[in-house]
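Tertiary structure, described
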Amino acid sequence: MHTCPTDPHRTPVSNQPHTVRPVPQGEIGSQVHVEINGKPYKAPFGATILEVCREMGIHIPTLCYHKDLCLAGLCRVCVVEIEGMRTLQAACTFPITNPIKILTASEKVRKARRHIVDLLISDHVGECYSCHRNGNCELQSLAKEYGVDSYRFGHRTERRYEIDRSSYSLVRDMDKCILCRRCVRTCIDLQEVGVLEAVNRGDRTKITTFMDKPIAEVICINCGQCINRCPTAALKANDPSDEIWRAIEDPTKHVVIQTAPSPRAAIGEEFGLPPGRSMTRELNTALRLIGFDKVFDTNFSADLTIMEEGTELLLRLKKKLVDGDPTVKLPQFTSCSPGWVKYIEHFYPDYLDHLSTAKSPQQMFGAVIKTFYAQESGIDPKDIVTVALMPCSAKKFECNRPEMNDSGFKDVDYGLTTRELAQMIRETGIHLPEMAPSNFDEPFGEASGAGLIFGATGGVMEAALRTAYEIVTGREVPFKNLDITPCRGFEGVRQASVKLEKVKPEWSFLEGVELRFMIAHGTANAKTVMDALVRGELDDIHFIEIMACPGGCLGGGGQPIPTSQEIRAKRAEAIYAEDASLPIRKSHENPHVQYLYERFLTDGPCGHLSHKLLHTHYTKRGKYIA
Amino acid sequence: MPSRKGIVLFDTKGSSNGLANALKKTRQDIVMEIRESGLRGRGGAGFPTGTKWMLAAAAIADRKYVVCNADEGEPGTFKDRVLLDEYTDLVFEGMVIAGYAIGATHGILYLRGEYRYMLAKLEDALRRMRSENRLGERILGSDFSFDITIRLGSGAYVCGEETALIESLEGHRGEARNRPPFPVNTGYLGCPTIVNNVETFANVSVIMAQGVEWYKQYGTDKSRGTKLVSVSGDCERPGVYEIPFGTTVKELLKLVGGENAKAVQIGGASGICVPRADFHRSIAFEDVATGGSVIVFGEHRDMLHVLKNFMEFFVEESCGQCTPCRLGNPVLLDGVEKIGRGECSMNYLQELFDLGASMQIASKCGLGQSSPNPFISILTHFQDEIFSQR
């Protein structure tokens, strides 16, 4: 009944499906005859009224409902009338188990919904035209749907809460909050981080953090999944576009941008395209038009990450298997998701040695731009401004970590989300889909498809395997078209293995070794993996990829709103299709990466200079809030 | 305090042989007898107790719970306090009987935080019952074991709503759950749970002691037995009274010395206001239902002030979860204040009545569904009086 649509294990105890309900065996999986607005329908036993109506194309408005989240039934916008019941029922939570007659738009229903919308608006501070969600706000849409043309019950104008701008990643404006609690359910149930909760009663109810602390002072991992699911403007990412515009307007500044694959696969949605259309090359043109001096491909540094992280893994394996070094920790975890990194720093601080020391592609690129690129192009690194287009709100925090200044400067100046860049482009009057395609700039040019698939859950693992397997055996991974299918898909935790056979002489210690790997996405699944690790159940695993966001980067907290499993799947399709179309699909074959190692990082992957520039360390944060 | 004139509950001396009788019966028979008795929930909603028990008894689970709702929070209600204080065994034995009937082994008394002072005495009673083998392992030599623990609420009115109470028991914020599923299937910790009022359990003990036929002679066809009412306000003899269902408001007022009242609020803040013209109405589930609160208003009372008090209560006590209740009650309160300032037009009053009607049907739980009741009933019955005074 009260299952979380995606995973019952993520459902809070109070809403967990009950196993004790005396449902006659015959009824499970059976059909119930219902009447909706006078017409007969067959509904699967136990399906909610909302599910059935959506299936039948009958519109019911919703607000607190989100397909990714547990059911709440608290906004009451979706109420419907059921014959014989005194009160209206929330369609989103009401399971159909008997033949019932439902009215979805009776007078009572319309009046009640209109009242609810009027009430929500009466308590919602501000006007639509001064709101960043103007045009993409579920409350605004409802007001239009119900013909709201006045503030029937007044309209709050004075602010009650200070805007919380403490975080590098998130901005919380609780005067825009309508208490749908999607953020709470996202944080507690979907991500199992648990930073946000409702406090107080009645009209003093608000969503807040532990002891009302600024969001930067609690254990928020900055994943921004709450932003993606907020129906209004209560949550947004910390927008650096004003500063970026200033840098662009400043003739003394050389402003470069790196674009990650996930934003490219999603930004079209901001311009009215259906999900799943990659805008990579159109975006290159648009970015130059709006004033960026150079446009680089983050996939270049994703390839670099594979070289470093893959080498690190092979070195760990050697130290462990050959040298018997007890200080070496396996399995090795990926470290490119800054939400995941902060999650493990807070929740499993004693296991940081399992994290790869390799920086994320964003940060590697920043360090390379302000050293190698500055040197090659003869530009003083102090005049270079590096912007990173990311699908991610946590990247903003990451680039502000104090340890991310290895170039001698702030390696990445600004993390910019997909939504924010779309806004910058809109301001210039450019309609992105109409742009002529163009290539990335040299000296980093085109990257490999391996770097590109970092955007999807499992992508880092697939990319790493394409390279590591080949380094060790001298042959390509034994999968058709290099598509390592066990790495793909959206299952929460996946596990697979590849056997290393007929290895090169220098890797003889890996002969016959079954390389075991796991992939998890969403921190709730990361928790499952970590708890297994803590219990000692993952000792035979070598490498684990974890992404903080459901679906991986393509479902990141900086991506276009709305999000859903269907949308994320479309974005993944776009990314894998682009990979398949690229001439180079293995990181180690990226000629620009090879050039970088020849000319700059001359002591090779995991060498001295790469350790200085491309690797990092982590902080034991713990989960206790001072 | 007036003498407690006994009828059904108050004529027992606090203990009965209800438990012993019940344990000699089969579980099914107890459920059938409770159904047959016509006992309805005494918290105010009046759900048939036997039906509730039958559903819980039919649920298949390793563990079931019996919860006694002693979160007596309705303004003007203080009858459960008397039962817990003076008729403790009737209540606890009623819980044991319920446990036996539905197949539960655990009972929880959810005691409102303000009744903490009773905790030691109640714990003593439980210890005494255990020592007398009326609680614990193999009760009274039967093969039925059952124990009761006491848990304290923390002062939220909404926790008297059974699903919010269960949330609170589980350590969560006190907020109503969606239903279905109902607690009889998915209650405390996901187990089948019955939540009954203190008075309901006391009635169960008496029914088991005296028999169904004896019990059925009291009350009306649709509301069997008696009702404890807590009478307060402008009357000579406030206190807790046991009256048969069907007693008219007028008769009750005579009993308590409140004949000169101009209105009586029945059912507390969430109840309705009965004006003098309606004093012939009777207290029963089919007419004017109450969980026990009866507040008498004398001629001199300003009914708008009375209403404002109730609306302030709901604004304060809404759990803040669902929109109609969280935001509707402040709008109604604001309307009351507008009326007080002479700023409320008849059109706007109608808007507020409409809003109240939506709140009654669209709110998630009984709190929000009943919170517009005083607004609607007081402003309907006393509209002329209220508006003429401004």
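Residues numbered from 1 in each chain as written. Chains lettered and ligands numbered in written order. Predicted model: local features only at pLDDT ≥ 70, side-chain atom pairs only at ≥ 80, totals over all residues.

Turning our eyes to something else, we now look at the overall build of chain A. Across its full length, chain A holds 19 helices and 17 strands. Against the 2.2 N^0.38 benchmark of 25 Å for 626 residues, chain A shows a C-alpha radius of gyration of 26 Å, consistent with a compact globule. In terms of overall dimensions, chain A has a C-alpha envelope of 80 × 60 × 50 Å along the principal axes. A separation threshold of at least 6 residues defines the contact pool for chain A, and within that pool the share at least 24 residues apart is 75%. (Helix = DSSP H or I, 4+ residues; strand = E, 2+ residues; numbered from the N terminus. Rg over C-alpha atoms; globule rule 2.2 N^0.38 Å. Contact = placed C-beta atoms within 7 Å.)

Below, the discussion takes up the overall build of chain B. In terms of helices and strands, chain B carries 16 helices and nine strands. In terms of overall size, chain B behaves like a compact globule, its C-alpha atoms giving a radius of gyration of 21 Å where 390 residues would be expected to give roughly 21 Å. Principal-axis analysis of the C-alpha atoms gives chain B an extent of 70 × 40 × 35 Å. Looking at chain B residue by residue over its 390 residues, the buried ones come to 59%. Partitioning the contacts of chain B with sequence separation of at least 6, the portion at a separation of at least 24 is 71%. (Buried ≥ 20, exposed ≤ 12 C-beta atoms within 10 Å, placed from the backbone.)

Turning our eyes to something else, we now look at helix α9 (residues 298-321) of chain A. Across its 24 residues, α9(A) extends 34 Å between first and last C-alpha, which sits within 8% of the 34 Å expected from 1.5 Å per residue. Along α9(A), 17 of the 24 residues are buried, which leaves the element largely enclosed by surrounding structure. (Expected span 1.5 Å × (residues − 1).)

A few words now on the interface of chain A and chain B. How big an interface is tends to be stated in terms of accessible area lost as the parts join. Listed as interface residues are 37 residues of chain A and, on the opposing side, 41 residues of chain B. In terms of residue count, the dominant contributor to the side of chain A that touches chain B is helix α2 (residues 107-122) of chain A (eight residues). In the side of chain A that touches chain B, the residues fall into 17 nonpolar, twelve polar and eight charged. (Nonpolar A, V, L, I, M, F, W, Y, C, P; charged D, E, K, R; others polar.)

Bringing the sheet that holds strand β3 (residues 147-152) of chain B into the picture now. All names here are of chain B. Overall, parallel pairing links the four strands, which are arranged β3-β2-β1-β4 in an open sheet. Strand pairing shows two members of the sheet lacking a second neighbour, β3 and β4 (193-197), which therefore form its edges. Going across the sheet, the axis of each strand differs from the next one's by a mean of 20°, ignoring polarity. Contacting β2 (106-111) and β3, helix α6 (residues 119-131) crosses the sheet at an angle of about 175° to β3. (Pairing = 2+ DSSP bridges. Axes fitted to C-alpha atoms, helices over the stretch in contact; angles between N-to-C directions.)

Glancing now at the packing of helix α3 (residues 49-58) of chain B against helix α5 (residues 88-102) of chain B. When two helices pack together, their arrangement is given by the angle between the helix axes and by the axis-to-axis distance. Residues and elements named next belong to chain B. For the pair α3 and α5, the least separation of the axes is 8 Å and the interaxial angle reads 50°. Accordingly, the angle class assigned to the pair α3 and α5 is oblique. Mapping the contact onto sequence places Trp 53, Ala 56 and Ala 57 in α3 and Ala 98, Ala 101 and Ile 102 in α5. Grouping the constituent residues of the contact of α3 with α5 by class yields six nonpolar, no polar and no charged. (Parallel < 35°, antiparallel > 145°, perpendicular 65-115°, else oblique.)

Residues and elements named next belong to chain B. Taken domain by domain, chain B holds domain 1 (18-216), domain 2 (226-297) and domain 3 (303-388). When each unit is reduced to the centre of its C-alpha atoms, the spacing between domain 1 and domain 2 is 26 Å. Every contact between the two is made by twelve residues of domain 1 and, on the other side, 17 residues of domain 2. Of the residues belonging to the side of domain 1 that touches domain 2, the class tally is three nonpolar, five polar and four charged. (Domains from an automatic or database assignment.)

Once that is clear, we can look at the domain arrangement of chain A. Residue and element names in this part refer to chain A. The domain boundaries assigned to chain A delineate domain 1 (8-105), domain 2 (119-237) and domain 3 (303-360 + 447-614). Its C-alpha centre places domain 2 at a distance of 36 Å from the equivalent point of domain 3. No other element matches helix α5 (residues 225-229), which puts three residues into the side of domain 2 that touches domain 3. The class makeup of the residues in the side of domain 2 that touches domain 3 is seven nonpolar, six polar and one charged.

Residue and element names in this part refer to chain B. If you trace the five strands from one edge of the open sheet to the other, you get β6-β5-β9-β7-β8, paired in mixed fashion. Of all the strands in the sheet, just β6 (239-244) and β8 (272-275) have a single pairing partner and so form its edges. Taken over all neighbouring pairs, the strand axes of this sheet differ in orientation by 30° on average, direction set aside.

Attention now goes to helix α13 (residues 418-427) of chain A. Along an α-helix, residues three or four positions apart point the same way, because every turn accommodates 3.6 residues. Residue and element names in this part refer to chain A. The complete set of buried residues in α13 reads Thr 418, Arg 419, Glu 420, Leu 421, Met 424 and Ile 425. Its buried side turned inward, α13 meets β9 (235-237), α6 (241-249), α7 (261-270), α8 (280-290), β13 (384-390) and β14 (414-417). In the stretch just after α13, Gly 429 is the one whose phi turns positive, near 80°.

With that settled, consider the nonpolar core. Residues A:Ala91, B:Val67, B:Val91, B:Ile97, B:Ala98 and B:Val264 are the most contacted members of the largest nonpolar core, which totals 296 residues. Here the element with the most residues in this core is α5(B); it accounts for ten residues. (Core = buried A, V, L, I, M, F, W, Y, C linked by C-beta atoms within 7 Å.)

With that settled, the discussion passes to the pairing of strand β10 (residues 254-259) of chain A. All names here are of chain A. Most of β10 is tucked away: six of the six residues are buried. Of the pairings in the sheet, the one linking β10 to β13 comprises six bridges and is parallel in character. Bridge pairing in β13 places Thr 259 opposite Leu 389. Pairing geometry for β10 and strand β11 (residues 294-297), over four bridges, is parallel. Residue pairing for β11: Val 256 is matched across the bridge by Lys 294.

On average, residues of chain A carry a pLDDT of 93, and 96% of them reach 70 or more. Predicted confidence for residues 1-23 of chain A stays below pLDDT 50, and this span has 61 contacts to residues more than four positions away or in other chains. (pLDDT = per-residue confidence, 0-100.)

Turning to the environment of A:Phe296, a few remarks are in order. Residue and element names in this part refer to chain A. With respect to the helices and strands, the residue Phe 296 is situated in strand β11. Classification of Phe 296 by C-beta neighbours within 10 Å gives buried; the count is 27. Sequence separation between Phe 296 and Thr 259 is 37 residues; the distance between their C-alpha atoms is 6.4 Å. Every residue in contact with Phe 296, bar those within four places of it in the chain, is listed here: Val 256, Gln 258, Phe 365, Phe 440, Asp 441 and Phe 444.

Residues and elements named next belong to chain A. For strand β1 (residues 31-36) and strand β2 (residues 39-44), the ladder comprises six bridges, and the chain directions are antiparallel. Note that in β2 the partner of His 33 across the bridge is Lys 42. Taking the residues that link successive antiparallel strands as the turn, the β1-β2 hairpin has two residues, and the phi of Asn 37 there is positive, at about 50°.

Residues and elements named next belong to chain B. Mapped onto the elements of the fold, Ala 22 is located in helix α1 (residues 18-24). Judged by C-beta crowding, with 29 C-beta atoms within 10 Å, Ala 22 ranks as buried. Separated by 334 residues in the primary sequence, Ala 22 and Gly 356 place their C-alpha atoms 45 Å from one another. Non-local contacts of Ala 22, meaning those with residues more than four positions away in its chain, are made with Ile 30, Ile 97, Tyr 100 and Met 208.

This part takes up unusual backbone geometry. Residues and elements named next belong to chain A. Going from Leu 330 to Pro 331, the amide bond is cis rather than trans, its omega being 0°. Relative to the helices and strands, Pro 331 resides in the loop between α9 and β12 (332-333). Cis geometry is adopted by the peptide bond preceding Pro 562, which originates at Ile 561 and carries an omega value of 10°. On the secondary structure map, Pro 562 appears in the loop between β17 (543-547) and α17 (565-581). Backbone geometry at Met 211 places phi at a positive 55°, although glycine is not the residue there. Mapped onto the elements, Met 211 comes out in the loop between β8 (206-208) and α5. With 9 C-beta atoms packed within 10 Å, Met 211 lands in the exposed category. Located in the positive-phi region is Leu 482, a residue other than glycine, with phi close to 65°. If you trace the backbone, Leu 482 turns up in the loop between α15 (459-473) and β15 (493-499).

Before going further, it helps to examine the packing of α9(A) against helix α11 (residues 361-377) of chain A. Residue and element names in this part refer to chain A. The N-to-C vectors of α9 and α11 enclose an angle of 105°; their axes lie 8 Å apart at closest approach. Comparing their axes, α11 and α9 come out roughly perpendicular. Residue-level contacts link Thr 298, Phe 300, Ser 301, Ala 302, Leu 304 and Thr 305 of α9 to Pro 361, Gln 362, Met 364, Phe 365 and Val 368 of α11. Here the contact of α9 with α11 is built from residues that sort into seven nonpolar, four polar and no charged.

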